Amino acid sequence: MIFAMASEETPAAVDISVTDDMFLGETLSVLQPSKGYRAGIDAVLLAATVNAAVDQEIKVLDLGAGVGVVSLAVAARLPKARVVLLESQKRLLDLAQMNVNRNGLADRMSVQAKDIVNEGSEGVRANEFDFALANPPFYEASRVRLSPDEIKANAHVMPQASLEAWFRLMAHALKPGGVMTVIHRAEALPDLLQFASGRFGALEIQPVQPFADQPANRVIVRGQKGTRKPICLLPGMVIHQPDRTYRPEIQKILRSPVGLTTTDQ
């Protein structure tokens with residue numbers, strides 16, 4: 001469904017077109033811009049990486065939360081999770097707050113304005129969170145043609161060398177033993193490992209392949225604060241069957257509130 005809504009950033013006569021989309025089957029109803037940056041499978045996969053039991057009390061930090069799909073999916077699956085969303089773009093921040101409210105999760109979710117690169121750890125308590133999740137902008141500005149849509153451009157483009165600020169913040173915010181997870185493009189893996197080094201151990205790299213016979217175009221990188229355990233390369237996660245439909249295990253993650261592991265099933 002596409003409809004228009006007034007924006008506090010613009011004159012009252014100007015409306016913003018948004019869609020009302022369902023995630024996790026019929027579990028979540030999410031407003032997001034009808035054009036430009038839109039949350040999709042990456043957000044749902046990232047949320048599904050949180051390895052916690054349904055009765056476990058945890059705190060989760062979502063960096064660059066956008067309209068809140070990652071956080072909403074975590075909160076919907078784990079009823080004792082408390083989630084803090086950080087987002088710098090006001091239009092997305094406003095939509096995230098609306099999504100939290102309309103899905104009845106305001107008692108466990110907090111939406112905060114945060115410029116990770118320029119503000120660092122300011123306003124974020126140290127050693128506070130059990131999990132930190134990040135889906136950073138994918139491309140350096142010098143390597144791509146920028147979208148004319150400001151939100152899409154900001155969501156897809158990261159200033160050169162600023163990715164490290166995201167890792168610094170996750171290391172600051174996580175408790176000892178806390179787990180960070182990042183989903184990113186596969187070619188960014190050297191940078192991800194560089195910035196994780198010295199901050200996180202027990203690193204796990206999971207390639208994400210669109211099809212079994214194609215190279216990975218995404219990687220999921222997990223790490224634990226305060227350990228020196230060695231790195232581990234996991235089997236690839238294949239998204240589609242040859243007929244382009246989702247593989248059954250991926251379909252289950254996309255259509256219902258379950259995780260990548262069996263602890264919540």
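Further up the page is the structure itself.
All values reported here derive from a predicted model rather than from experimental measurement. Counting restarts for each chain: residues are numbered from 1 in the order of the written sequence. Per-residue local features are limited, in this predicted model, to residues with pLDDT of at least 70; the limit for side-chain atom pairs, both in listing and counting, is 80 or more; totals at the level of whole chains, interfaces and linings are taken over all residues. Hydrogens are left out, water is left out, and the side-chain values use all remaining heavy atoms of the structure.

Undergrad: How should I be thinking about the nonpolar core in this particular structure?
TA: In a soluble, globular protein the nonpolar side chains are often hidden away together inside. Residues Leu28, Val50, Ile58, Val74 and Met109 are the most contacted members of the largest nonpolar core, which totals 48 residues. By definition in these notes, contact holds between two residues if any of their heavy atoms fall within 4.5 Å. Apart from residues lying up to four places away in sequence, isoleucine 58 is in contact with Val50, Ala52, Leu78, Lys80, Ala81, Arg82, Asp130 and Phe131. Put simply, buried Ala, Val, Leu, Ile, Met, Phe, Trp, Tyr and Cys residues joined by side-chain atoms within 4.5 Å make one nonpolar core. Buried, partly exposed and exposed residues are distinguished by accessible area as a fraction of the type maximum, computed with a 1.4 Å probe on protein chains only: under 20%, between the cut-offs, and over 50%, respectively. Core analysis: the next-biggest nonpolar cluster, separate from the first, contains 28 residues, Val84, Val182, Ile205 and Val219 among them.

Undergrad: How do you make sense of helix 3 (residues 90-102) when you look at a structure like this?
TA: In an α-helix there are 3.6 residues to a turn, and that puts residues three or four apart on one side. Helix numbering and strand numbering both begin at the N terminus, where a helix is a DSSP run of H or I of at least 4 residues and a strand a DSSP run of E of at least 2. A helix is expected to span 1.5 Å for every residue after the first. With 13 residues, helix 3 extends 18 Å between its outermost C-alpha atoms, agreeing within 8% with the 18 Å of an ideal straight helix rising 1.5 Å per residue. Residues Leu92, Leu93, Leu95, Ala96, Asn99 and Val100 constitute the buried set of helix 3. For helix 3, the buried positions fall inside an angular range of 165° around the axis, keeping them on one side. Immediately beyond the C-terminal end of helix 3, within one or two residues, lies glycine 104, with a positive phi of roughly 70°. Here the arc refers to the set of directions running from the helix axis out to each C-beta atom.

Undergrad: Even after reading the chapter, I still don't get empty space enclosed by the protein, so can you show me in this structure?
TA: Remark: the empty space left among the atoms is shown by a probe the size of a water molecule rolled over them. Only protein atoms enter the 1 Å grid used here, on which a cavity is any set of points holding a 1.4 Å probe that cannot leave and a pocket is any open set flanked by protein within 12 Å on both sides along at least five of seven lines; residues with an atom within 4 Å of a point are listed as lining. Grid points are joined across faces, edges and corners, and a volume is the space filled by probe spheres set on the points. Overall, the coordinates contain two cavities of 30 Å³ or more when judged by the stated rule. When its residues are assigned to classes, the lining of the largest cavity shows seven nonpolar, four polar and one charged. For the second largest cavity, the calculated volume is near 40 Å³. Looking at the second largest cavity, the residues that line it are Leu24, Val44, Ala47, Ala48, Ala73, Arg77, Ile253, Ser256, Pro257 and Val258. Elements represented by at least two residues in the lining of the second largest cavity include exactly helix 1 (41-48) and helix 2 (69-77). Residues are sorted three ways: Asp, Glu, Lys and Arg are charged, Ala, Val, Leu, Ile, Met, Phe, Trp, Tyr, Cys and Pro are nonpolar, and all the rest, Gly among them, are polar.

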